[in-house]
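Structure at a glance
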Amino acid sequence: MKCVKVPKKKAESVKKKLIESNNFNFEYIPLVENDYVYFPIKFKTDLPVVEKEFKKIEKKPTSLKEVLKNKVPEDLIPKGFEVVGDIAIIEIPEEIKNYESLIGKTLLSLHKNIKVVAKKASHYEGQFRTRKLKIIAGENRKETIHKENNVRLKLNPETCYFSPRLSTERRRIIDLIQPNEIILVMFSGVGPYPITIAKNTQAKEIIGVEINPDAHKYAEENLKLNKVKNVKLYNGDVNEVVPKLNKKFDRILMPLPKTAEEFLPLALEVSHTGTIIHMYDFLHEKDIPDKVIEKVKNVIPKAKILNIVKCGQYSPGKFRVCIDFSV
Ligand SMILES: C[S@@+](CC[C@H](N)C(=O)[O-])C[C@H]1O[C@@H](n2cnc3c(N)ncnc32)[C@H](O)[C@@H]1O
């Protein structure tokens with residue numbers, strides 16, 4: 001293979017020139033012999049050229065498909081996975097369940113930041129919106145600490161709902177918050193919305209209400225972990241807790257897409273003129289935005305729609321949507 005022979009002393013400057021003129025061949029490992037360095041090149045140059053043998057740089061595989069393509073039916077190899085803290089959560093088709101341990105171990109070897117691999121063992125279900133997880137590789141634990149938007153959230157992704165995919169949506173919400181707002185987060189889970197708001201805005205007070213005792217326990221722990229002082233959390237049903245708060249809110253978040261509209265009368269009860277409400281919903285593409293506007297207007301005819309955003313895909317053709325409106 002053609003290469004340039006350079007005295008060691010001049011190696012750095014010649015390498016720079018070759019790179020600048022796009023004539024440095026990155027596919028091979030340069031050779032060092034005695035007082036000379038040999039740089040493989042791509043095309044002719046004015047520098048002294050000689051012939052040498054070079055070793056090719058081995059490209060490390062970066063995806064499951066690259067590593068497993070001859071071991072697992074290629075069209076069934078999972079394309080993606082979710083990462084909560086140091087736990088990778090992956091969906092494994094039934095047809096390749098015999099390969100789950102191999103898939104798990106491969107993920108661990110590809111991503112050094114992952115310590116546990118768990119497969120989804122059910123869909124999100126029940127009032128707590130949780131799903132079963134089965135550990136298929138790595139450490140035997142389901143608790144982790146997830147970092148996003150300047151906050152740390154401790155949680156067990158099996159006993160508590162949490163989606164790292166919503167971090168961009170949480171960022172969108174915090175950018176809307178004005179100083180001194182009093183905010184209600186219905187369905188607060190392990191605390192991602194209240195804590196992200198407390199850490200990143202000048203909101204005065206944030207109240208979170210969550211019915212799942214385990215999620216509430218983590219949320220309380222997360223307040224301490226993030227040293228936030230202006231968040232108050234309640235464990236219970238919003239229908240029972242919120243009316244007893246005796247408060248009106250400047251902003252209300254309703255992150256329970258499956259049934260949030262059922263709680264609109266409650267949100268209205270604790271709103272004042274100008275309160276902004278963010279309600280989440282799951283909608284088919286064809287129903288965006290009409291259906292969610294209709295759901296809001298049915299309960300609050302005077303609602304002024306401010307924005308409707310798609311904030312993630314739920315299933316093929318179905319999206320998570322947030323409608324922002326004022327009352
Ligand atoms: C989709 S999760 C959202 C959790 C959290 N806000 C987040 O983004 O990670 C909905 C949460 O609402 C809680 N929930 C459901 N019904 C509730 C109710 N009536 N009152 C309070 N919380 C409720 C569930 O336990 C679950 O944690």
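Our structure's up above, just so we're on the same page.
Thresholds, definitions, all that
Sequence order sets the numbering: in each chain, residues are counted from 1 along the sequence as written. For a predicted model such as this one, the threshold for reporting local features is a pLDDT of at least 70, and the threshold for listing and counting side-chain atom pairs is 80 or more; totals across whole chains, interfaces and linings nevertheless cover every residue. Neither water nor hydrogens contribute to the side-chain values; these are computed over all heavy atoms in the structure. A carboxyl oxygen of Asp or Glu within 4 Å of a side-chain nitrogen of Lys or Arg is what we treat as a salt bridge. Helix numbering and strand numbering both begin at the N terminus, where a helix is a DSSP run of H or I of at least 4 residues and a strand a DSSP run of E of at least 2. Three exposure classes are used, based on accessible area relative to the maximum for each residue type with a 1.4 Å probe and protein chains only: buried under 20%, partly exposed in between, and exposed over 50%. Think of it as the arc spanned by the lines of direction from the helix axis to the C-beta atoms. Pairs of residues are marked as contacts when any of their non-hydrogen atoms sit within 4.5 Å. Criterion used throughout: strands pair if DSSP finds at least two bridges between them. Axis definition: a line fit to C-alpha positions, over the contact stretch in the case of helices; interaxial angles, taken between N-to-C directions, run 0 to 180 degrees. Our angle categories are set so that under 35 degrees counts as roughly parallel, over 145 as roughly antiparallel, 65 to 115 as roughly perpendicular, and the remainder as oblique. The sense of a crossing depends on the near helix, which, turned anticlockwise from the far helix by less than a right angle, makes the crossing left-handed and, turned clockwise, makes it right-handed. Each residue gets one label: Ala, Val, Leu, Ile, Met, Phe, Trp, Tyr, Cys and Pro are nonpolar, Asp, Glu, Lys and Arg are charged, and the others, such as Gly, are polar. In this scheme, patches are assembled from residues that exceed 30% relative accessible area and form no salt bridge. Like charges are connected within 9 Å, while nonpolar side chains (Val, Leu, Ile, Met, Phe, Trp, Tyr) are connected within 5 Å. Shrake-Rupley sampling with a 1.4 Å probe provides the accessible areas, and residues are treated as covered by the protein chains on show and by no other component. Note that His is not counted, nor are the chain ends; the positive residues are Lys and Arg, and the negative ones are Asp and Glu. Where a charge lies is defined by one atom per residue type, namely NZ (Lys), CZ (Arg), CG (Asp) and CD (Glu).

The next thing to look at is the pattern of salt bridges. Close approach of charged atoms lets side chains of opposite charge pair. For the coordinates displayed, the defined rule picks out 25 salt bridges. Its salt-bridge partner being Lys217, residue Asp214 comes within 3.7 Å of it at the nearest N-O pair. In this pair, Asp214 and Lys217 are both assigned in helix α6 (residues 213-225), three residues apart and thus about one turn of the helix distant. Take Asp214: its relative accessible area is 24%, and that puts it in the partly exposed class. For Lys217, a relative accessible area of 40% translates into the label partly exposed.

Below, the discussion takes up helix α9 (residues 290-299). Since the α-helix turns once every 3.6 residues, residues separated by three or four places project in the same direction. Taken residue by residue, α9 has Val292, Lys295 and Val296 as its buried positions. Angular distribution of buried residues about the axis of α9 spans 90°; they occupy a single face of the element. Exposed and facing more than 90 degrees away from the buried side of α9 are Asp290 and Asn298. On its buried face, α9 sits against α8 (264-269), β15 (271-284), β16 (304-315) and β17 (318-326).

Of all five residues making up strand β3 (residues 36-40), four are buried, and the element is well covered by its neighbours. Across five bridges, strand β1 (residues 2-7) lies against β3 in antiparallel orientation. By the bridge assignment for β3, Val6 is matched with Val37. Note that strand β2 (residues 31-33) and β3 share three bridges and pair antiparallel.

This brings us to the packing of helix α4 (residues 167-176) against helix α5 (residues 192-200). The geometry of α4 relative to α5 is characterised by a closest axis approach of 10 Å and an angle of 45° between their N-to-C directions. One way to sum up the angle between α4 and α5 is to call them oblique. In the packing of α4 onto α5, the handedness of the crossing is right-handed. The residues of α5 that touch α4, namely those facing Glu169, Arg170, Ile173 and Ile174, are Pro192, Tyr193, Thr196, Ile197 and Asn200. Its residues assigned to classes, the contact of α4 with α5 shows five nonpolar, two polar and two charged.

Structurally, Val296 can be placed in helix α9. Note: C-alpha distance between Val296 and Glu158 (138 residues apart in sequence) is 32 Å. Each residue touching Val296, except ones within four places of it in the same chain, is listed here: Leu264, Met279, Ala303, Ile305, Ile323 and Phe325.

Another aspect to go through is the sheet that holds β17. The mixed open sheet is built from seven strands, whose spatial order is β13-β12-β11-β14-β15-β17-β16. Each edge of the open sheet is held by one strand with a lone partner, namely β13 (231-235) and β16. Strand-to-strand twist across the sheet, computed as the mean angle between neighbouring axes with direction ignored, equals 15°. As defined by bridge partners, strand β12 (residues 205-210) adjoins β13 across five bridges and the pair is classed as parallel. By the bridge assignment for β13, Glu210 is matched with Asn235.

Another point: a positive patch on the surface. A cluster of like positive charges, contributed by Lys147, Arg152, Lys199, Lys227 and Lys229, occupies part of the molecular surface. When you line up the elements, Lys199 lands in helix α5. Judged by its relative accessible area of 36%, Lys199 falls in the partly exposed class.

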